[in-house]
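Commentary on secondary and tertiary structure
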Amino acid sequence: MAATGNAEETQLQEMEEEAGMEREMDSDEEEGMGIENSDDEEDDSSEDDKENEAEIQRLEEQLSINAFDYNCHVDLIKLLRQEGELPPLRKARQKMSELFPLTEEIWLDWLKDEIRLTEEEQNREKVYELFEMAVKDYICPEIWLEYAQYSIGGMGLPGGMEKVRSIFERALTAVGLHMTKGATLWEAYREFENVILATVQPPPGIVPTCEQQELLNAQLERIHTLFRRQLAIPLMDMEGTYAEYEEWSDQGVSDTVSQKYKRALQQMEKSKPYEETLMAAEPPKLAEYQTYIDYEQKEGDPARIQIIFERALAENCLVPDMWAKYTKYLDRQLKIKDLVLSSHDRAVRNCPWTVGLWKNYLLALERHGADHHTISDVFEKALNAGFIQATDYVNIWEAYLDYLRRRVDFSKESSRELEELRAAFTRSLDYMKQDVEERFSESGDPSCTIMQVWAKIEALHCKNIQKARELWDSIMTKGNAKFANMWLEYYNLERSYGDALHCRKALHRAVQCTSDYPEHVCEVLLTFERVEGSLEDWDAAVQKTETRLNRVNEQRAKVAEKEAHLVRQEEQKTEQRRRAKADKKNQKKGQKGSRPGEKRKAEDEDNENEWGEESEQPPKRHRGEGNQGSFRGGGAEEYMETESGLFGRRAPPCRRQEPPGAKRGQQMAPATVRKTQEDNPEQRKDDCSVFISNLAFSMEDPEKRLKELFEPCGPVQSVRPVYAAKGFRGYCYVQFEGKTSVPEALKMDRREVDGRPMFVSPCVDKNKNPDFKVFKYNTNLEKHKIFISGLPFSCTKEQLEELCKDQGTIKDIRLVTNRSGKPKGLAYVEFEHEAQASQAVLKLDGTVLQEHTLSVAISNPPRRNAADKPDFSRPMGAMMPRAMVYGSRGKGRTQLSLIPRSLHRQTGSESKAENGTAPKPTGGASGDAGFEAQAKPMSNSDFAKMLLRK
């Protein structure tokens, strides 16, 4: 017995020495990483030390301003660890852990540092507390293995062996199902038990006592049990574990264990492709984890679903959608209080800007019976989380007020909970007015939903209709009196809990104040009087509604007349400008023909300008990023955004192909041109036609060519190319025999024809449909789509797909081009899931592609309305850039300037002369006078003299 005891003590000492040697090796590694100053570090110059001290001071000051700067925390900890400043390092780590869950790397470094210190202090409990904090942040097999190994070093202490086994069992519960790393913990646990077996096994030739035999049998059973438990779980390379068990067991493997092993092996084979995909993918592997989670949820094993969620979140901790999906699963399926609440807590610590996670956290706390103080503390933390939208604060206040309302026992006339609820409603209104409006310049609650809920509670539960009326009076004074739906909400409240007198008052006020749908509230008032009112009430209601509707109709007529007058004025101004340009051109032609010595061909005397006398330039239409524009059929003026040339001017147009039938060297007469453009207008059918533009001016026989292009869409009745005096103008109308061909033709928009993107759009007469808009685009936040700027012009869709494919499933890629089809260095990439787009922003923003740094943000197209369009009649200083829209954690969305590049051009001495005028000189006292003199048109003789001087 004594010999056995000595052997056991000797074995324990050997295990402790091994654990001590491992810790010494870890300590040596840490010293090499900078925990203590090495000889090389001592030889460093004092200047480097001063720079590090200055950087540490700067980071500490920055954290004092913004404690939620995650990267600043990481940089500070790294510098302090290099300097070997252990007390400040411990303090910095503690501050960061209070705000954020720490990554596996940060925890392992911290734990190793503390283990080295506690060897000197002989205080293991501090390290145990630190390990407990670490295992709560993420499910990490390496941290659990480090925890178990550290506990082995103290198993010689009282209760040490039971503590080691307890930690191993917790580790197996947490990460034992990890298919690729779980086997390491199982093997470590078995190795520990094998060492214990060696201590209780008597030496050869000695017969054990009954007590020793019982200890030996119990230890053997522990090892058998560990083998059986592990073989029943699908893990990678489990075949080797089965072979090891066969070799270790004297009794062989039982049939029950073999059957469980085979089932687990089949399960492992099913999951193996997903694991191999994860191993081949690059971090953060969001799409791969999502696919794996979907598979496990179909299988339905809660423990395996939980472990794959935890693995995904360890690498995608900043993806709110993943946290929301995980916590939702826990709330609805597992419903284990400690697990659910800890997961919600980790979710809001990782993504504090996401209001949905905070709302779910409050609901989970209430669902699991948390005390009022805890829930209130979580709510206060949510208010300080820094949401990115004013409406987020409305949502979190609504969630908290709902919780407070559920606490109240309304059967009592007065209670402490009811007073807390009313005080919270009052505080919420003050908070929205003082804090939210000052920060966002908007209340976030324009419809006063919080006040509406308060009014309903007072009327329904508290029977205090007078308080409800006061609240509704306040709601109406906040700009809601003009909306019919708000008055009807008030009316319904009075209808349910008030009386007929106040219902009538509410409807009369609604008729007087409503401006959006006055007819509707008038109808409601008349219906009410039919049911409730007397003859006098009916007469008063009829008179009230007639008077109001007459006034509304008069106001609408005035507005319509004013708008029509403005339209007429604009048309007159346009006509005057057109005539002024035409007169100016005719005057220049007359001056040019009267100059002496000027040669001119006889056949050019009656020529129009290059685009024709009727129109200075070919029609344009807006084709911005949002594909928005306005059109008029029949050759009327249209607008389109175009790209400027290198110096902000339009490049000279190439010579156009003459219309069929015209003789070479001659020009089509103006009457012929007009006849071509207005050929049989009564036979035109806009609903069967499409408008084609951006075609090459040099296209040969455009009528025949376009008919061939569009015949696959349906029978073509006619093709009407538009010609100028010089030839084809680059656009035309294609009319089909039926309406069904138009949608097919519109699908050909942006198809490349002769090296140019062909624009295909509906043919609509804007004179008959002035409000018609052909192109509409989304102005809301597109969470599935990212916007990339800074791309090299040579970038192709294939290269962009190769860059983005690792972030998730790509549904569409669109490279933005200008009118000529040349790339603009911008692109939109649409993913299948919002989480994939969010991860792409985190992963790709700031990356370098072909020496170009990319800017990546969630797509948030700017609104396009009259207020957004630049006013070219004002100076450039009046055009202010659009405000940047901020996303999660301060990411800004790139905005494009809508000002043409020609307006950004700075005139200098290197600018080219245009139309015979020399550039304006940049310096000299006589610069202005010289420019005015040179701005006059130059004759042929002037040009000759200028050339002779050179």
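Structure: see above.
In this report, we go over the structure that sits alongside the text. (Residues numbered from 1 in each chain as written. Predicted model: local features only at pLDDT ≥ 70, side-chain atom pairs only at ≥ 80, totals over all residues. Heavy atoms only, no water.)

We now examine the overall build of the protein chain. Check the secondary structure of the protein chain and you find 35 helices and 11 strands. Counting across all 950 residues of the protein chain, residues that qualify as buried make up 39%. Of all intrachain contacts in the protein chain linking residues separated by at least 6 positions in sequence, the fraction that spans at least 24 positions is 63%. For the protein chain, the accessible area works out to roughly 53,400 Å², and carbon and sulfur atoms hold 49% of it. (Helix = DSSP H or I, 4+ residues; strand = E, 2+ residues; numbered from the N terminus. Buried < 20%, exposed > 50% of the residue type's maximum accessible area, 1.4 Å probe, protein only. Contact = heavy atoms within 4.5 Å. Areas by Shrake-Rupley, 256 points an atom, 1.4 Å probe, with all protein chains shown as cover.)

A word on the packing of helix α13 (residues 255-280) against helix α14 (residues 286-299). Running from N to C, α13 and α14 cross one another at 165°; their axes reach a closest spacing of 9 Å. Here α14 runs roughly antiparallel to α13, going by the angle between their axes. Both α13 and α14 take part in a crossing whose hand is left-handed. In contact with Q267, K270, S271, Y274, E275, T277 and L278 of α13, α14 contributes E288, Y289, T291, Y292, Y295, E296 and E299. (Axes fitted to C-alpha atoms, helices over the stretch in contact; angles between N-to-C directions. Parallel < 35°, antiparallel > 145°, perpendicular 65-115°, else oblique. Left-handed = near helix turned anticlockwise from the far one by under 90°.)

Moving on, we get to the pattern of salt bridges. Within this structure, the stated rule accounts for 40 salt bridges. Here K739 ties to D687 by a salt bridge, and the two come within 3.2 Å at their closest N and O atoms. You can see K739 sitting in the loop between β3 (728-736) and α30 (741-746) and its partner D687 sitting in the loop between α28 (670-677) and β1 (689-693), a full 52 residues away along the chain. Taking relative accessible area as the criterion, K739 reaches 54% and is therefore assigned exposed. (Salt bridge = Lys/Arg side-chain N within 4 Å of Asp/Glu carboxyl O.)

What follows concerns the sheet that holds strand β2 (residues 716-723). With antiparallel pairing, the 5 strands of this open sheet are ordered in space as β2-β3-β1-β5-β4. One side of each edge strand has no neighbouring strand; the edge strands of this open sheet are β2 and β4 (751-753). Averaged over all pairs of adjacent strands, the angle between their axes in this sheet comes to 30°, without regard to strand direction. For β1 and strand β5 (residues 756-762), the ladder comprises 4 bridges, and the chain directions are antiparallel. Residue pairing across strands places S693 opposite F759, the latter belonging to β5. Across the sheet, helix α29 (residues 702-710) is in contact with β1, β2, β3, β4 and β5; its angle to β2 comes to roughly 140°. (Pairing = 2+ DSSP bridges.)

What follows deals with α13. An ideal rise of 1.5 Å per residue puts 38 Å on 26 residues; α13 measures up with 37 Å between its terminal C-alpha atoms. Along α13, the helix axis deviates most sharply at S271, where the bend reaches about 40°; the proline P273 sits within four residues downstream. Among the residues of α13, V257, S258, Y261, A264, L265, Q267, M268, S271, E275 and L278 are the ones counted as buried. Looking at the buried side of α13, the elements it contacts are α11 (210-231), α12 (238-248), α14 and α15 (302-315). (Expected span 1.5 Å × (residues − 1). Bend = angle between axes of the 7 residues up to and from the residue.)

So, on to a negative patch on the surface. Taken together, the side chains of E700, D701, E703, E708 and E711 present a region of like negative charge at the surface. Mapped onto the secondary structure, E711 falls in the loop between α29 and β2. (Patch = residues over 30% accessible without salt bridge, like charges linked within 9 Å, V, L, I, M, F, W, Y side chains within 5 Å. Lys, Arg positive; Asp, Glu negative; His and termini not counted. Charge placed at Lys NZ, Arg CZ, Asp CG, Glu CD.)

This part takes up helix α32 (residues 834-844). Every buried residue belonging to α32 is among A835, Q836, A837, Q839, A840, V841 and L844, and all of these are buried. On its buried face, α32 is in contact with α14, α16 (320-334), β6 (782-789), α31 (797-804), β8 (823-831) and β11 (855-859). Phi turns positive one or two residues past the end of α32, at G846, with a value near 90°.

Turning next to the sheet that holds strand β7 (residues 810-817). One open sheet accounts for 4 strands, arranged β7-β8-β6-β11; its pairing is antiparallel. Every interior strand has two partners, whereas the edge strands, β7 and β11, have only one. Across this sheet, the average inter-strand angle for adjacent strands is 20°, counted without regard to direction. Contacts from α31 reach β6, β7 and β8, with the element oriented near 135° to β7. Its contacts with the sheet put α32 on β6, β8 and β11, and the angle it makes with β6 is roughly 25°.

Inspection of every chain in the model, using the stated rule, returns 34 aromatic pairs. Centre to centre, the rings of Y491 and F528 are 6.1 Å apart; their planes meet at 90°, and the pair counts as edge-to-face. Taken together, the positions of Y491 in helix α24 (residues 484-497) and F528 in helix α26 (residues 518-532) put the pair 37 residues apart, joining distant regions of the chain. The class of F528 is buried, set by a relative accessible area of 2%. Ring geometry for F787 against Y828: centres 5.1 Å apart, planes inclined by 50°, an arrangement best described as tilted. Note that F787 is positioned in strand β6 and Y828 in strand β8, a separation of 41 residues in sequence. (Phe/Tyr/Trp six-rings, centres within 6.5 Å; stacked < 30°, edge-to-face > 60°.)

We now examine the nonpolar core. Among the nonpolar cores identified, the biggest contains 108 residues, and I396, W397 and L421 are the most heavily contacted of them. Residue contributions to this core peak at 10 residues, all from helix α20 (residues 390-407). Residue contacts for I396: discarding those within four places in its chain leaves V355, W358, K359, L362, F379, A382, L383 and F387. One finds Y128, I139, A171 and I196 within the second-largest nonpolar core, a separate group that totals 54 residues. (Core = buried A, V, L, I, M, F, W, Y, C linked by side-chain atoms within 4.5 Å.)

Let us now look at the side chain of R165. On the secondary structure map, R165 appears in helix α9 (residues 160-175). What R165 contacts, discounting residues up to four positions off in sequence, is Y189, F192, E193, I196, Q219 and R222.

The element β6 is extensively covered by neighbouring structure, given that 6 of its 8 residues are classed as buried. Pairing geometry for β6 and β11, over 5 bridges, is antiparallel. Residue pairing in the sheet places I788 in a bridge with V856 of β11. The sheet contact formed by β6 and β8 spans 5 bridges and is antiparallel. Paired with K785 across the bridge in β8 is E830.

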